[in-house]
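# Structural overview for review
Listed here are the chains, written in short residue letters.
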Amino acid sequence: MEWWKDAIIYQIYPRSFQDSNGDGIGDIPGIISRLDHLQELEVGAIWLSPVYPSPNGDNGYDISDYKNINPEYGTLEDMDRLILEAKRRGIRILMDLVINHTSTKHEWFEKSRRRIEPYTDYYYWASAKPDGSLPNNWTGFFGEDCWQWDDVRGEYYLHLFAKTQADLNYHCPKVLDEVKDVLRFWLDRGVAGFRCDVINLLWKDSLEDGENRLALTGLEHYLSLPETHDILRQLRRVLDGYKAFTVGETVFVTPEMARDLCGEGRQELNMVFSFEHMECDQHFVKWLKHDFHPKAFFKCLIKWQKELFWNAIYLENHDQPRSIPRFGSDGWWRESGKLLATLLLTLRGTPFIYQGQEIGMVDFDFDGVDQVNDVESRSVDRFLTAYHVPEALRWKIIARTSRDNARTPMQWDDGPNAGFTMADKAWLGVNRNYHFVNLADQENDPDSIWNWYKNLAKLRREREVLRRGDFLWLEATHRVFVYRRRWGAESVTVALNFSDRPARVGSRGTLLRSNYHRDGFDGRLLPWEAVILEDNGI
Ligand code: TEU
Ligand code: CA
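So, here is what we can say about the structure in this document. (Residues numbered from 1 in each chain as written. Chains lettered and ligands numbered in written order. Predicted model: local features only at pLDDT ≥ 70, side-chain atom pairs only at ≥ 80, totals over all residues. Heavy atoms only, no water.)

### What about the sheet that holds strand 18 (residues 510-514)?
Pairing within the open sheet is antiparallel, and its 5 strands lie in the order 14-15-16-20-18. Whereas interior strands pair on both sides, the edge strands pair on one side only; in this sheet they are strand 14 (470-476) and strand 18. Put simply, the sheet's adjacent strands are angled 20° from each other on average, direction ignored. By the bridge criterion, 4 bridges tie strand 18 to strand 20 (residues 530-534) in an arrangement that is antiparallel. Across the sheet, residue T510 finds its bridge partner in strand 20, namely E534. On the sheet, helix 9 (residues 294-307) packs against strand 14 and strand 15 (480-487) and is oriented at approximately 160° with respect to strand 14. Those strands touched by helix 11 (residues 333-346) are strand 15, strand 16 (490-497) and strand 20, and its axis lies near 145° from that of strand 16. (Pairing = 2+ DSSP bridges. Helix = DSSP H or I, 4+ residues; strand = E, 2+ residues; numbered from the N terminus. Axes fitted to C-alpha atoms, helices over the stretch in contact; angles between N-to-C directions. Contact = heavy atoms within 4.5 Å.)

Structure (C-alpha cells):
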C-alpha cells in the first residue's frame with residue numbers, strides 16, 4: 001500500500017511554529033529543533049506551509065521566487081538539512097505548491113507588466129469595458145473585487161485572492177513549463193510531494209461576465225474545468241518519475257468532482273481537501289456563521305466517507321478557526337479535544353493534524369482588529385465598513401472567523417512567549433492561555449490531550465482495521481455519532497457524544513479506549529465521551 005495511506009500528516013505554519021534566532025518569527029532551524037516532537041506523534045510526513053521568498057502579503061501564499069527560501073525562515077542549506085533530519089526520523093517533507101498565482105513582486109510579473117517576452121502573457125491582463133468599468137463582474141475570495149489596475153502596463157490584472165496575488169495564465173504554455181521546472185527543483189532536493197493550493201481553479205475558460213452570485217461571481221468560468229484536469233495529468237507525469245505524492249486543496253468540490261481529481265486511475269492528485277464539512281456551520285459564506293449542528297456535520301462526513309474511497313481527513317488548518325471552540329466545547333476542553341482527536345484518527349483516509357491541535361490550542365484572545373494580521377480578515381473588515389456595519393458587529397464577525405485564530409504561535413511551555421521565541425514580542429500575539437495550555441505541561445500529564453493523540457497514533461499503527469478498514473455508520477443523531485470500521489475478521493466501533501449531557505448508544509463491545517477512566521462499556525456515554533470498542537462476534 002502507498003505510504004500515504006498509512007501515514008499521519010502534520011501541517012506546520014512555519015511563521016508560528018518555533019523561532020530559533022529571536023526575531024519573533026518561526027523558522028526552519030526552529031522546525032528542525034522540534035522534529036523529535038513530531039516523531040513522538042508518529043508523524044509520517046510534514047506539510048510545510050510556504051517557505052519561499054515572499055513579501056508576505058498573504059504570509060507566503062504570495063511567492064516571489066519558487067526556487068529559494070525566505071531569508072526570514074533560513075536558507076536552502078537549512079531546507080536541505082530539514083529534509084535530511086526529518087528523513088532520519090522517518091518523516092517526509094511536503095512543500096506547499098502555490099501555482100494559481102504569484103506575488104506581484106515575482107520577476108515574471110515585473111517582466112509581464114513591462115511586456116518583456118516571453119512573460120507578456122504569463123498573467124491575465126485586460127482592459128476596462130467600453131463603459132470604463134472593470135474588465136468583468138467577477139468577485140474575489142477575500143470579499144472584494146478581483147481586478148487591479150497596473151500603471152506600468154496600462155491594463156488590469158486578475159487576482160482571485162489579494163491584489164498582490166496575480167493569477168497565472170495557463171493559456172500561455174510557458175507557464176506550465178515553469179511549474180514543471182519548480183516541481184523538479186524540489187523533488188531533486190528530496191521532498192516527497194506537494195500540497196497544491198487552490199488547485200481546482202487553475203484554468204479560466206474566458207474572462208466573460210459571470211452569473212451574479214451572492215459570493216464568487218464568475219466561479220463557473222474557472223471551477224474544476226476539463227483543462228485543469230489536463231494540467232494535473234501533465235504534472236503527474238513529472239511527479240511519477242519521483243513517485244511523489246500530492247494532496248490538492250480544492251474549493252467548492254462535490255464528491256463527484258473530487259473523484260475526478262483524485263480517483264484511482266485518474267492520474268491527477270492522490271487526495272483532496274474538501275470543504276463541505278467545514279461549511280456546515282455557515283450560511284452561504286464563511287463570515288455568516290450559525291450554531292454548529294452536529295447532525296449536519298455527521299451527515300456530511302458520512303457522505304464523503306461513502307462516496308470517496310480515500311481522502312484527506314482534517315478538522316483544522318491555517319485557514320480555519322480552531323476545532324475545539326467550533327465543534328467541541330470550551331467548557332469541556334479536554335474531553336471534547338480528545339473526542340475530536342478520536343474522530344480525526346478513526347475515520348477512513350489520511351489524517352492531517354494541524355500544529356497546536358495535538359495540545360488543544362483554541363482561538364486567539366485578541367481585543368480588536370488592529371491585533372489581526374490576516375489579509376483576509378482585513379479585507380473583510382474594509383468590506384463590512386463600506387457597508388456601514390458597526391464596529392462591534394464587525395469585530396464579532398472577524399473574531400469568529402479570522403484565520404489568525406489558527407495562526408497564533410505554538411505553545412511549547414509556560415516560559416515567556418510560550419517558548420515560541422526569545423524575542424520580547426512574537427510576530428503575532430501569543431494566546432495568554434499558554435500558562436495552562438502548553439506542551440510541556442501535557443507531557444507530564446498522562447490524561448492530557450497530547451498523550452491521547454500519541455496513544456491513538458499508536459493504536460492506529462497497531463490496528464490495521466483503523467487504517468484500511470471500510471466505514472459503516474450506525475448512528476448519527478443530533479449529538480451522537482457511531483460508526484464501525486471493518487477489515488477482514490477485525491471490527492471496531494467508535495461512539496462519540498457531541499454534547500454536554502450523557503447519552504446512550506446501541507453498540508456494545510470490549511472497551512479499547514475511552515477519554516474517561518472506566519472499565520467496561522454498557523452503552524452509556526458521559527458528556528463529550530469518545531469510546532473505541534472491539535466488536536465481539538460480528
Ligand atoms: O486557501 C484557499 C481558500 O479558498 C480558503 O481557504 C481561503 O483561505 C479563504 O478562507 C477563502 O475565503 C488557500 C490557502 O490555504 C490560503 O492560506 C491562501 O490565502 C489562499 O489559498 C490563496 O493562496
Ligand atoms: Ca526566526
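### Quick look at the coordination of the calcium ion (ligand 2)
Only D19 (OD), N21 (OD1), D23 (OD), I25 (O) and D27 (OD) from the protein coordinate the calcium ion (ligand 2), and they sit 2.3 Å from it. Mapped onto the polypeptide sequence, the residues donating to the calcium ion (ligand 2) form the spacing pattern D-x1-N-x1-D-x1-I-x1-D. (Donors = N, O, S within 2.8 Å, 3.2 Å for Na, K, Ca; no water.)

### Structural notes on unusual backbone geometry
In this chain, E117 is followed by P118 through a cis amide linkage whose omega measures 0°. Here P118 lies in the loop between helix 5 (107-112) and strand 5 (125-126). Although it is not a glycine, N59 adopts a positive phi angle of roughly 40°. N59 sits in the buried class, given a relative accessible area of 6%. Positive phi, close to 45°, is recorded for S224, a residue that is not glycine. You can see S224 is positioned in the loop between strand 9 (193-196) and helix 7 (226-240). (Buried < 20%, exposed > 50% of the residue type's maximum accessible area, 1.4 Å probe, protein only.)

### Details of the state of the cysteines
The full count for this structure, using the stated rule, is 0 disulfides. Sulfur of C280: no disulfide; nearest cysteine sulfur belongs to C300 and is 6.1 Å away. (Disulfide = S-S within 2.5 Å.)

### Details of the site of ligand 1
Taken together, 19 residues form the shell around ligand 1, and within it D58, K286, D319, E376 and R403 come nearest. Within the side chain of H101, one N or O atom sits 2.9 Å away from an oxygen atom of ligand 1. Between an oxygen atom of ligand 1 and a side-chain N or O atom of R403, the distance comes to 2.7 Å. Within the complex, 95% of the 480 Å² of free accessible area of ligand 1 lies under protein. The pocket occupied by ligand 1, as judged from atoms lying within 2 Å of grid points, is the largest pocket. Per-class residue counts for the shell around ligand 1 are 7 nonpolar, 3 polar and 9 charged. (Near = heavy atom within 4 Å. Polar contact = N/O pair within 3.5 Å; in protein donor to acceptor, adjacent residues only side chain to side chain. Areas by Shrake-Rupley, 256 points an atom, 1.4 Å probe, with all protein chains shown as cover. 1 Å grid on protein atoms, 1.4 Å probe; cavity = no way out; pocket = protein on both sides within 12 Å on 5 of 7 lines; lining within 4 Å. Sits in = over half its atoms within 2 Å of the grid points. Nonpolar A, V, L, I, M, F, W, Y, C, P; charged D, E, K, R; others polar.)

### Digging into the layout of surface pockets
Roughly 1,000 Å³ of volume is contained in the largest pocket. In this structure, the largest pocket is lined by 42 residues; those nearest its centre are F141, L216, V285, K286 and W287. At 4 residues, helix 12 (residues 375-386) tops the list of elements feeding residues into the lining of the largest pocket. Looking at the lining of the largest pocket, its residues break down into 21 nonpolar, 8 polar and 13 charged. Of the pockets and cavities examined, the second largest pocket occupies roughly 390 Å³. Lining the second largest pocket are 23 residues, and of these W4, C262, E264, L269 and N270 sit closest to its centre. Residue assignment for the lining of the second largest pocket shows that the elements contributing at least two residues are helix 1 (3-6), helix 7 and helix 8 (255-262). The biggest single contributor to the lining of the second largest pocket is helix 1, with 3 residues. Looking at the lining of the second largest pocket, its residues break down into 9 nonpolar, 4 polar and 10 charged. (Points joined across faces, edges and corners; volume = space filled by probe spheres on them.)

### A word on empty space enclosed by the protein
A full pass over the atoms with the stated rule returns 6 cavities of 30 Å³ or more. Counted as a void, the largest cavity has a volume near 180 Å³. If you go around the largest cavity, you meet 15 residues; those closest to its centre are L301, W304, Q305, A312 and I313. Of all the secondary-structure elements, those providing two or more residues to the lining of the largest cavity are helix 9 and strand 12 (312-314). At 4 residues, helix 9 tops the list of elements feeding residues into the lining of the largest cavity. Along the lines of polarity and charge, the residues of the lining of the largest cavity split into 10 nonpolar, 4 polar and 1 charged.

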